[in-house]
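Next come the chains, spelled out residue by residue.
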Amino acid sequence: MRLTRFKAAAAAVLLTAGLAACGDAGNDGDSGADVDVQDNAAEEFDTGTRMRELAESGTIKIGVKFDQPGIGFKGATDDMPVGFDPEMGKILAADLGIAPEDITWVETISANREPFLQSGEVDLVIASYSITDERRAVVGQAGPYYVTGQQLLVRSDSDIASLEDVAGTEVCSVTGSTSLENIEAEGATPRGFDTYSECVDQVLNGTVDAMTTDGAILLGYAAEHPDELKVVVDPFSEERYGVGYSLDHPEMCEWIVETIEEAEDDGAWADAFEATLGKSGVETPEPPTADACPAA
């Protein structure tokens, strides 16, 4: 694995990027500095590990959501996605000596998270990816790095005020999510869509009675439509967000956990939260304790 935490290389990558942005991009020394950072980062990992391969390549592919305000969102004119999940991706990439502009962001919906990891379409999935035993049977999930709970998004004039009120109603979420299973158990008729934005549209036009998923996601949509939508009911599940990786590279689990724990200790985790989900006015929570990695 790795003998020491590697912070100097990550800092150097960001510093080099900042200097380039100030007008030094044409200096012949810049690319050499980038190569040195990548080489130094790679040396911190054992030969043959996926982390070393990524550090040596200088790039990483990360799957995130593009339609979840506060969590992972990319508008038509945005250069890269924004949100808590992309910020966590940047923290992990920086630990490999990889700058934000060298990350390949891949739009990942709930239904293709496991296939993307299994096929190598992405190296990591950080996409409001709740940890479950079923998912851990086919892919790796390290974490949690954030814990939230399932709630309901309804129209402002809706009579739904409690979980008992959903019985006999139509409630949407994204296909493949645990939220649909949970709401069906409460007596609602589940409706699945490819993206959360489609589901929100169905609530807005009255086609379905409510939308359900993690409260953090719903707050983002309610903030976009404050006169039309509201979040109701206390959280009725515990959703533990994890970082997905391929079981072909089990060594990644310990690296992910160590990097996240360091970010929690040095304040980078809190900074990431406050710059994204924290803008909704939610108080910065205590970061969760990560699960132990499976034995090698």
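Residues numbered from 1 in each chain as written. Predicted model: local features only at pLDDT ≥ 70, side-chain atom pairs only at ≥ 80, totals over all residues. Heavy atoms only, no water.

Asker: Give a detailed account of the pairing of strand β6 (residues 140-148), specifying residues and quantitative values.
Answerer: Here β6 lies mainly inside the structure; eight of its nine residues are buried. The sheet contact formed by β6 and strand β12 (residues 239-245) spans six bridges and is antiparallel. Looking across to β12, one finds that Gln-141 is bridged to Gly-244. (Buried < 20%, exposed > 50% of the residue type's maximum accessible area, 1.4 Å probe, protein only. Helix = DSSP H or I, 4+ residues; strand = E, 2+ residues; numbered from the N terminus. Pairing = 2+ DSSP bridges.)

Asker: Mind laying out the layout of surface pockets, listing which residues take part and the relevant values?
Answerer: Counted as a void, the second largest pocket has a volume near 220 Å³. Forming the walls of the second largest pocket are 15 residues, and the residues nearest its centre are Pro-69, Gly-70, Thr-276, Leu-277 and Lys-279. Among the elements that make up the lining of the second largest pocket, the one with the highest residue count is helix α9 (residues 215-224) (four residues). A class-by-class count of the residues in the lining of the second largest pocket yields eight nonpolar, five polar and two charged. (1 Å grid on protein atoms, 1.4 Å probe; cavity = no way out; pocket = protein on both sides within 12 Å on 5 of 7 lines; lining within 4 Å. Points joined across faces, edges and corners; volume = space filled by probe spheres on them. Nonpolar A, V, L, I, M, F, W, Y, C, P; charged D, E, K, R; others polar.)

Asker: Lay out the packing of aromatic side chains in plain terms, naming residues and giving numbers.
Answerer: Under the definition given, this model contains eight aromatic pairs. Here a set of aromatic residues connected by ring pairs shows up, and it is made of Phe-84, Tyr-145, Tyr-146, Tyr-241, Trp-269 and Phe-273. (Phe/Tyr/Trp six-rings, centres within 6.5 Å; stacked < 30°, edge-to-face > 60°.)

Asker: Could you give an account of helix α4 (residues 84-95), with specific residues and numbers?
Answerer: Residues that lie three or four places apart on an α-helix share one face, since the helix turns once every 3.6 residues. Between its first and last C-alpha, α4 extends 17 Å over 12 residues, near the 16 Å set by a 1.5 Å rise per residue. In terms of residue burial, α4 counts as a mostly covered element, since 10 of its 12 residues are buried. Within the span of α4, buried status applies to Phe-84, Asp-85, Pro-86, Met-88, Gly-89, Ile-91, Leu-92, Ala-93, Ala-94 and Asp-95. Among the residues trailing α4, Gly-97 stands out with phi positive, at a value near 80°. (Expected span 1.5 Å × (residues − 1).)

Asker: Residue-level account of α9, with values.
Answerer: In terms of burial, α9 is a largely internal element, seven of the 10 residues being buried. Those residues of α9 lying buried are Gly-215, Ala-216, Ile-217, Leu-218, Gly-220, Tyr-221 and Ala-222.

Asker: Can you break down the sheet that holds strand β11 (residues 229-232) residue by residue, with the values?
Answerer: To summarise the sheet geometry, strands pair through backbone hydrogen bonds and adopt either a parallel or an antiparallel arrangement. One open sheet holds the five strands; their spatial order is β9-β8-β10-β7-β11, and the pairing between them is mixed. The outermost strands of the open sheet, each flanked by one partner alone, are β9 (189-193) and β11. Recorded for the sheet is a direction-independent mean angle of 35° between the axes of neighbouring strands. Where strand β8 (residues 170-174) and strand β10 (residues 210-214) come together, two bridges link them in parallel fashion. Across the sheet, residue Val-171 finds its bridge partner in β10, namely Ala-210. Across the sheet, helix α8 (residues 196-204) touches β7 (150-155), β8, β9, β10 and β11, and the angle it forms with β10 is around 145°. Each of β7, β10 and β11 touches α9; the most contacted strand, β10, lies at about 130° to it. (Axes fitted to C-alpha atoms, helices over the stretch in contact; angles between N-to-C directions. Contact = heavy atoms within 4.5 Å.)

Asker: How would you explain the packing of α4 against helix α10 (residues 252-266) if you had to name every residue and give the values?
Answerer: Direction vectors running N to C along α4 and α10 enclose 110°, while the axes themselves pass 10 Å from each other. Put simply, α4 runs roughly perpendicular to α10. Across the interface between the two elements, Met-88, Ile-91, Leu-92 and Asp-95 of α4 pack against Trp-255, Ile-256, Thr-259, Ile-260, Glu-262 and Ala-263 of α10. A per-class count over the contact of α4 with α10 returns seven nonpolar, one polar and two charged. (Parallel < 35°, antiparallel > 145°, perpendicular 65-115°, else oblique.)

Asker: I'd love a proper account of the state of the cysteines, names of residues and values included.
Answerer: Counted according to the given criterion, the structure contains two disulfides. There is a disulfide in this structure between Cys-172 and Cys-199, and the S-S distance comes to 1.9 Å. The sign of the S-S torsion, about 100°, decides the handedness of the disulfide formed by Cys-172 and Cys-199: right-handed. Here Cys-199 lies in helix α8 and Cys-172 lies in strand β8, a separation of 27 residues in the sequence. Per residue, the accessibility class of Cys-172 equals that of Cys-199, and both read buried. (Disulfide = S-S within 2.5 Å.)

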